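Spelled out, the chains give:
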Amino acid sequence: MENVWRFRHTQFVERLGWRELNSEDGRERDRFDDDDAIHLVAARGETVVGYTRLLRTSGPHLLRDVYPDLMQGRSWPQEADIYEWTRCISDQNAGQFGEVQASHLLITGVLEFSLSAGIRGLVVETHPKLVTWMLETSYEVETLAPPRDINGVPVVAVHIGMTEKALKRHRTMFGIRGSVLDIDEDLINPVTRMGLVRPYGQRIDTNELEVAFRADVDFTAMRESSGSRSN
């Protein structure tokens, strides 16, 4: 996790300029990084090249505690098996796993983990342009409220249903023919807090992936907007 905190500082503070998250020790953490947060990491050995975080909506999360105005008085799913997808980013020099971009491996891993662990849906605050892409890649997408401007950037809250159809579509698009998750065999499921998490399909060597489709999408936009309230 020390590598994760430093990676987040490098990406969000130094690269994207979220100065309000600046830390003298070079570690970016916030109040949502509690024991209930789920951290998914794309790594080469000990080097973190991609990262994202999932927060249970039945507890503290950004849409509830930082950006409730985004909903304009509307409600949104807040349940134990619905999570908020935040802090999604890959390093500009992350390169590829085989022929697959690190960012594509990361988002496919999020979908696979959600299905494996029993996460029914994800709430995302993102740029409106990514909603069309989500629909094209077989996500079940529900727009929760009209877009609003946050710090000069249009942001919309959506709910994404986790389905096998979407995972199959991602794997087909990106040339991923099995599980990309590396999970400890004795990991207790952090979502249900019982049983174990198993990869969704046979584990593959990600360094031997052959790309099937190159999507022209900027996944750095698939994150909450920066703002003085974001930590």
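Check the entry above for the structure.
Quick caveat: nothing in here was measured; it's all calculated off a predicted structure.

With that out of the way, let us pick up the nonpolar core. Soluble globular proteins: nonpolar side chains tend toward being buried together. Ranked by internal contacts, the top residues of the largest apolar core, which has 42 residues, are Leu54, Trp85, Phe113, Leu122, Tyr139 and Ile160. Of all elements in the fold, only strand 1 (38-44), strand 2 (47-56), strand 3 (82-90), helix 3 (102-117), strand 6 (121-126), helix 4 (129-136), strand 9 (153-161) and helix 5 (164-174) reach the threshold of two or more residues within this core. Phe32, Ala37, Tyr67 and Ala145 belong to the second largest nonpolar core, which has 17 residues in total.

On to the layout of surface pockets, then. Taken as a whole, the largest pocket encloses approximately 900 Å³ of empty space. Lining the largest pocket are 29 residues, and of these His39, Leu40, Val41, Ala42 and Asp182 sit closest to its centre. Elements represented by at least two residues in the lining of the largest pocket include exactly helix 1 (2-15), strand 1, strand 2 and helix 3. A per-element tally of the lining of the largest pocket places strand 1 first, with six residues. When its residues are assigned to classes, the lining of the largest pocket shows 19 nonpolar, six polar and four charged.

Time to look at the pattern of salt bridges. Taken as a whole and assessed by the stated rule, the structure comprises 14 salt bridges. Between Glu28 and Arg87 there is a salt bridge, with the nearest N and O atoms lying 3.2 Å from each other. Highlighted residues: Glu28 in the loop between helix 1 and strand 1 and Arg87 in strand 3, separated in sequence by 59 residues. Like Arg87, Glu28 is buried. Residue Arg120 pairs with Asp81 through a salt bridge whose shortest N-O separation is 3.0 Å. Highlighted residues: Arg120 in the loop between helix 3 and strand 6 and Asp81 in the loop between helix 2 (62-65) and strand 3, separated in sequence by 39 residues.

All of the buried residues along helix 5 are Ala166, Leu167, His170, Arg171, Met173 and Phe174. Down the axis of helix 5, the buried side of the element spans an arc of 165°, and every buried residue falls inside it. Exposed positions of helix 5 whose direction lies more than 90 degrees from the buried face are Glu164, Lys165 and Lys168. In this structure, the buried residues of helix 5 make contact with strand 5 (100-101), helix 3 and helix 4.

This part is about the side chain of Ser179. Position of Ser179 relative to the elements: it lies in the segment after helix 5. For Ser179, a relative accessible area of 0% puts it in the buried group. Separated by 2.4 Å, the side chains of Ser179 and Glu112 make a polar contact. From its side chain, Ser179 meets the backbone nitrogen of Leu181 in a polar contact 3.2 Å long.

Calculation rules
- Residues numbered from 1 in each chain as written.
- Predicted model: local features only at pLDDT ≥ 70, side-chain atom pairs only at ≥ 80, totals over all residues.
- Heavy atoms only, no water.
- Core = buried A, V, L, I, M, F, W, Y, C linked by side-chain atoms within 4.5 Å.
- Buried < 20%, exposed > 50% of the residue type's maximum accessible area, 1.4 Å probe, protein only.
- Helix = DSSP H or I, 4+ residues; strand = E, 2+ residues; numbered from the N terminus.
- 1 Å grid on protein atoms, 1.4 Å probe; cavity = no way out; pocket = protein on both sides within 12 Å on 5 of 7 lines; lining within 4 Å.
- Points joined across faces, edges and corners; volume = space filled by probe spheres on them.
- Nonpolar A, V, L, I, M, F, W, Y, C, P; charged D, E, K, R; others polar.
- Salt bridge = Lys/Arg side-chain N within 4 Å of Asp/Glu carboxyl O.
- Arc of directions from axis to C-beta.
- Contact = heavy atoms within 4.5 Å.
- Polar contact = N/O pair within 3.5 Å; in protein donor to acceptor, adjacent residues only side chain to side chain.

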